[in-house]
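Below are the chains, spelled out letter by letter.
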Amino acid sequence: MWGGRFAQAPDAIMAEINASIDVDRNLYRQDIAGSKAHAAMLAKQGIITAEDAEAIARGLDAILGEIESGRFQFQRSLEDIHMNVESRLAELIGPAAGRLHTARSRNDQVATDFKMYVREAAAAIDAQLADYQRALAEKALTHAATVMPGFTHLQTAQPVTFGHHLLAYVEMAARDRGRFADARRRAEECPLGAAALAGTSFPLDRDMTARALGFARPMANSLDAVSDRDFVLEALAAAAITAVHLSRFAEEIVIWTSPLVGLITLSDRFTTGSSIMPQKRNPDAAELVRAKAGRIIGALNALLVVMKGLPLAYQKDMQEDKEGAIDALSALSLCIAAMTGMVRDMEPDTARMRQAAGAGYATATDLADWLVRKLGIPFRQAHHITGRIVAAAAEAGVALHRLPLAAMQAVEPRITEDVYSVLSVDRSVKSRTSYGGTAPANVRREARKWLKRLDKENPARKEDPTR
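Residue numbers here run from 1 along each chain, matching the order of that chain's written sequence. It should be noted that, the model being predicted, local features are given only for residues of pLDDT at least 70 and side-chain atom pairs only at 80 or more, the latter also being counted only at that level, while totals for whole chains, interfaces and linings use all residues. The side-chain figures draw on all heavy atoms in the structure; neither hydrogens nor water molecules are used.

## Section: the overall build of the chain
- For helices the rule is a DSSP run of H or I covering at least 4 residues; for strands it is a run of E covering at least 2, with both sets numbered from the N terminus onward. Within the chain, the regular secondary structure consists of 18 helices and 6 strands.
- Since a compact globule built from 467 residues should have a radius of gyration of about 23 Å, the 30 Å found for the chain marks it as more spread out than a globular shape.
- If you line up the chain on its principal axes, its C-alpha atoms span 100 × 50 × 50 Å.
- Between buried and exposed lies partly exposed: a residue is buried under 20% and exposed over 50% of the maximum accessible area for its type, with that area taken using a 1.4 Å probe on protein chains only. A burial count over the chain gives 48% of its 467 residues as buried. The size measure is the radius of gyration over C-alpha atoms, and the globule rule it meets is 2.2 Å times the number of residues to the 0.38 power.

Structural data, given as structure tokens:
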């Protein structure tokens, strides 16, 4: 279709490296929608006849049906989705198909198609993240008072509740959704009508096509319109951060399900076995979520490298914008679905969690706080006193709440029997009532707040009113 200037056909290798149909065939719906909007606008502006526009629309609808039914024959010789569609349109309606490309280029066409694709993918991911948040919040509400160890440096630090831990990932997902929303907002400008790079002499109504395709407005600069791929980079950046969050949780699931730790179990639905060791139950879903983060982060890095040295306007390098991005967004969607399933599937071993929460002298900070509150000791001094008491408990081989009062008084004589009121893990978590703290009352309030917020976003998925 572009060979008028050329006397020879491309070399086979040139044709192979130039073809993108294996990837951009994913954009068929967006390409057909864009072409229908463009044809309707050309007719309204008197650039083509209404009869030609109607024939084009009918032909495009027929092509859509062929593609979705699997009857369409994609041809690599036609390079991309745009030329495949246009070639088939010519077969269906004849010369009128040649009028469709009036006042546009593949440059603004592909930018429009891909921007629509990325926006739709981002909206779908947002809905998945909302479902993930719901699963987390529901489980958090159920386990608002289930005590577990909290860690820093992967060492036992202070008791927290399982519900509180899960709500941390709800907050992370909220930020992820915010980043995707920001990316969608900045992708509300339509490139269509910018043509190759300089605009066109035809009297286009770019506002009409923008509105028809769900954009807020047309892009204001034709050079920027065809060369911008910020919308892909922003979506991939949001995807990469989301993947990191999912990977962190997946890592915790891998650790927690290990028999050496044993804080949670996953059912057969989200584990696999071994080909040689019959006893194995491997958390492969979590491990694959952890691994796919690398693919998603890699897609962002790859596109940044592609774009970093490109002058204005369109360059063929930008054909490499789609494969990694489409793969990354698809991989992220699968990861979110897997994590949502695992959250709903996982069951905590509450007895083991409670036992682990009290190990490692996890309530030492509560003792230091008691010394500050009851005896008026400066915290740095209280920290030192508590350290000596912990050392005494370790030497005696007993838990902190089992250390005799006399042993504590040997370090600080003013300590009274009341100190034992703060040394249990239940008292510890219950006392953490500061905003954002792990107290069960806080967790219940936050979980219900999130469920109410999610219900407001999607009334069809309201929480069980009996909760």
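Now that the structure has been shown, we can carry on.
## Section: the nonpolar core
- By nonpolar core is meant a set of buried Ala, Val, Leu, Ile, Met, Phe, Trp, Tyr and Cys residues that side-chain atoms within 4.5 Å join together. F114, Y132, F249, I253, L332, M339 and M342 are the most contacted members of the largest nonpolar core, which totals 75 residues.
- Those elements giving two or more residues to this core turn out to be α6 (106-142), α7 (162-185), α10 (230-257), α11 (284-307), α12 (322-345), α13 (350-358) and α18 (440-457).
- Here this core gets 15 residues from one element, more than from any other, and that element is α10.
- Beyond its immediate chain neighbours, meaning those up to four positions away, M342 contacts I253, L266, F270, A285, A286 and V289.
- One finds L371, L405, I415 and V422 within the second-largest nonpolar core, a separate group that totals 21 residues. Note on contacts: a residue pair is in contact if any heavy atoms of the two residues lie within 4.5 Å.

## A closer look at the confidence of the model for the chain
- With 97% of its residues at a pLDDT of 70 or more, the chain has an overall mean of 95.
- Along the chain, pLDDT gives the predictor's confidence residue by residue, from 0 to 100. Per-residue pLDDT stays below 50 along residues 463-467; that stretch engages in 6 contacts with residues further than four places along the chain or on separate chains.

## Some points on the packing of α10 against α12
- For the pair α10 and α12, the least separation of the axes is 10 Å and the interaxial angle reads 30°. Once α10 is placed against α12, the crossing between them reads as left-handed. Contact with α10, carried on its side by V232, L236, A239, T242, A243, L246, F249, A250 and I253, involves A325, A328, L329, L332, C335, I336, M339, M342 and V343 of α12 and no other residues of that element.
- Partitioning the contact of α10 with α12 into residue classes produces 17 nonpolar, 1 polar and no charged. Lines are fitted to the C-alpha atoms to define the axes, a helix being fitted only along its stretch in contact, and any angle between axes, read from their N-to-C directions, falls within 0 to 180 degrees. Each helix crossing is assigned a hand: it is left-handed if the near helix lies turned anticlockwise from the far helix by less than a right angle, otherwise right-handed if that turn is clockwise. Under the convention adopted here, Pro, Cys and the residues Ala, Val, Leu, Ile, Met, Phe, Trp and Tyr are nonpolar, Asp, Glu, Lys and Arg are charged, and Gly plus all remaining residues are polar.

## Looking at the packing of helix α14 (residues 364-375) against helix α15 (residues 379-396)
- At their nearest, the axes of α14 and α15 sit 9 Å apart, and the two run at 135° to each other. In terms of their interaxial angle, α14 and α15 are classed as oblique. For the pair α14 and α15, the crossing hand works out as right-handed. Counted together, A364, L367, A368, D369, L371 and V372 of α14 and F379, A382, I385, T386, I389 and V390 of α15 form the full contact between these two elements.
- Tallied by class, the residues present in the contact of α14 with α15 amount to 10 nonpolar, 1 polar and 1 charged. For this classification, under 35 degrees means roughly parallel, over 145 means roughly antiparallel, 65 to 115 means roughly perpendicular, and everything else is oblique.

## A look at the environment of M307
- Mapped onto the secondary structure, M307 falls in helix α11.
- With near-sequence residues (within four places) excluded, M307 lies in contact with S227, R229 and M318.

## A word on the pattern of salt bridges
- Salt bridge, as applied in this entry: a Lys or Arg side-chain nitrogen positioned within 4 Å of an Asp or Glu carboxyl oxygen. Tallying each qualifying case throughout the model produces 31 salt bridges.
- As a salt-bridge pair, R177 and E457 come within 2.7 Å of each other at their nearest N and O atoms. Linking R177 in helix α7 with E457 in helix α18, this pair joins segments that are 280 residues apart in sequence.
- Note on R177: relative accessible area 12%, which makes it buried.
- One network of salt bridges, in which partners are shared, links E16, D22 and R76.

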